[in-house]
Each structure stands twice: as structure tokens, then as C-alpha cells.
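So the chains spell out like this:
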Amino acid sequence: YPMASASVGVVPRQHRLFVAAIDFGTTYSGYAFSTKDDWEKEPLKIFFNNWNAGNLLSRKASTTLLLKPDKSLSSFGYDAETKYADMIEDKENFEDYYYFHCFKMLLHNNKKLRRDTEIKDATGKPLKAMHVFSQSIKFLLQKLFESLEEKFTDIQKDDIHYVLTVPAIWDDNAKQFMREAAVKVITRSN
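Here the structure is a predicted model, which is why all the values come from computation and not from measurement.

What counts and how
Residues numbered from 1 in each chain as written. Predicted model: local features only at pLDDT ≥ 70, side-chain atom pairs only at ≥ 80, totals over all residues. Heavy atoms only, no water. Helix = DSSP H or I, 4+ residues; strand = E, 2+ residues; numbered from the N terminus. Rg over C-alpha atoms; globule rule 2.2 N^0.38 Å. Buried < 20%, exposed > 50% of the residue type's maximum accessible area, 1.4 Å probe, protein only. Contact = heavy atoms within 4.5 Å. Areas by Shrake-Rupley, 256 points an atom, 1.4 Å probe, with all protein chains shown as cover. Lys, Arg positive; Asp, Glu negative; His and termini not counted. Charge placed at Lys NZ, Arg CZ, Asp CG, Glu CD. Pairing = 2+ DSSP bridges. Axes fitted to C-alpha atoms, helices over the stretch in contact; angles between N-to-C directions. Core = buried A, V, L, I, M, F, W, Y, C linked by side-chain atoms within 4.5 Å. Phe/Tyr/Trp six-rings, centres within 6.5 Å; stacked < 30°, edge-to-face > 60°. Patch = residues over 30% accessible without salt bridge, like charges linked within 9 Å, V, L, I, M, F, W, Y side chains within 5 Å. Salt bridge = Lys/Arg side-chain N within 4 Å of Asp/Glu carboxyl O.

**So, the overall build of the chain**
Tallying secondary structure elements over the chain gives five helices and twelve strands in all. For the chain, whose C-alpha radius of gyration is 17 Å, the value lies close to the compact-globule estimate of 16 Å for 190 residues. Counting only C-alpha atoms, the chain reaches 50 × 40 × 30 Å along its principal axes. Counting the 190 residues in the chain, one finds 43% classified as buried. The long-range share in the chain, meaning contacts at least 24 apart out of those at least 6 apart in sequence, stands at 60%. Total accessible area on the chain is roughly 10500 Å²; 49% of this is exposed by carbon and sulfur atoms. Here the chain contributes 27 positive and 26 negative side-chain charges, whose respective centroids are spaced 6 Å apart.

**Looking at the sheet that holds strand E7 (residues 64-67)**
Hydrogen bonds along the backbone pair up the strands of a sheet, which may run parallel or antiparallel. Spatial ordering of the open sheet is given by E8-E7-E9, a layout of three strands whose pairing is antiparallel. With partners counted over all chains shown, the strands left at the sheet margins are strand E8 (73-76) and strand E9 (98-101), one partner each. Each neighbouring strand pair of the sheet contributes to a mean axis angle of 15°, computed without reference to strand direction. Packed onto the sheet, helix H4 (residues 129-151) meets E7, E8 and E9 and runs at close to 65° relative to E8.

**So, the side chain of Thr63**
Considering the arrangement of structural elements, one finds Thr63 in the loop between strand E6 (61-62) and E7. Among all residues touching Thr63, those that are not within four sequence positions of it are Phe24, Gly25, Thr26, Thr27, Tyr28, Ser29, Phe76, Phe100, His101, Cys102 and Phe103.

**Remarks on the nonpolar core**
In globular proteins that are soluble, nonpolar side chains generally tend to be buried together. Phe100, Phe133 and Leu144 are the most contacted members of the largest nonpolar core, which totals 42 residues. Sorting the residues of this core by element identifies strand E1 (18-24), strand E2 (28-35), E7, E9, H4, strand E12 (160-165) and helix H5 (172-189) as the ones contributing at least two each. With eleven residues, the single largest contributor to this core is H4. Counting seven residues, the second largest nonpolar core, distinct from the first, contains Ala80, Met87, Phe94 and Tyr99.

**Let's talk about unusual backbone geometry**
Positive phi values are uncommon outside glycine, yet Cys102 reaches one of about 50°. For Cys102, a relative accessible area of 29% puts it in the partly exposed group. The phi dihedral of Asp154 is positive, around 60°, even though this residue is not glycine. Along the chain, Asp154 falls in the loop between H4 and E12.

**Digging into the packing of aromatic side chains**
Under the defined criterion, the tally for this structure stands at 13 aromatic pairs. Geometrically, the ring pair formed by Phe24 and Phe103 is edge-to-face, given 5.9 Å between the ring centres and 65° between the ring planes. Of this pair, Phe24 sits in strand E1 while Phe103 sits in the loop between E9 and helix H3 (105-109), placing them 79 residues apart in sequence. A ring pair is formed by Phe133 and Phe177, whose centres lie 5.9 Å apart and whose planes are at 90°; its orientation type is edge-to-face.

**Looking at a negative patch on the surface**
On the surface, Asp86, Glu89, Asp90 and Glu92 cluster together into a patch of negative charge. Note on placement: Glu89 falls in helix H2 (residues 78-89). For Glu89, a relative accessible area of 62% puts it in the exposed group.

Structural data, given as C-alpha cells:
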């Protein structure tokens, strides 16, 4: 689902140097990117991230979000799963944290979805879904930009044309919700 209007008036899409896709999945999430030149000449030349899942490397991370008691980002993916499990095992204050796992389909299942819709974490604490999704997308975008910076010097966030995948089965309301969550993150980071 294109997010081009997130940076209207900055750099026209055709002049951006990179195309980046955020795959925000039900169970797993990740990102990939390509330079504009590579995409035009060799479309299958794509850069992926490798996520560390214990002893395994994976192209995607689990769609799991751990937020601190102040609702700021603690961790995402396998790191969130591990940190939360360690907190429970060590009997730390895990109840004060917000832990969301495989929460994406809550958008599809909610027929009354609005910007102020709340979802519950693993312990039953409610939090605005827009915040949960925005924090997850923010993490993925940060990791994506870090990967680009490692390979290409002097990259600017306006050099990237973002695409966010959404399921075809979603209604327009859920698609718009995801778009707004992504645009919220992109416009704040520029």
C-alpha cells in the first residue's frame, strides 16, 4: 500500500534513490529495499534484513511488540519475546509493560475500527491500537534506515519511497488505519 503522500512536496517519488517495503505481517514482519537503479535494471536485486532468532537467522522477525510502562518502545520481534519471557521468569515487573503478540488481525476483525480504538495486551491492559501499530512500524523503519546507512553513505530519509503491505482481504477502513499509523511515523521522523 503506497505511502507516498507521507512526504508530499519533499522529493517526487520518481526522483527517490531507494524503494523500501515494510511487510507488517500477522505472525512475522520485516522489510526489504532496493536502489532505484537496481530495481529498474535488475528487479530481483533486493536487500533483506537478517533477524537473529536465537541460533537461527530469519528474513523476518516475529510481530511482537514490548512497550515500557511509559508506553515507549522497549523491543520488537524476537528480542521482545525473549525480554518478556526473561522478565516473567525473573519475576520482574512484567505486568507494568505492554506485550503484544500477533496483533495485526485485530484490525481485520474489528468492524468498528476507529483512530481511538483500543486493543488489549497479553495481560489485558488496553492501549490505543494506533500507538501499538505506529510503534511497531517505527521500529521497522528505524532498522530499515540503519541498514541503508550501513551500505550507503549520506542517505536522507527523503531519499526513500516507502511501500507498506496490507492484506487484500482487509476493508478500506483497516487499510486506512495502517496507512495513518505509518504516515504518523514517517512525518515525525523527517
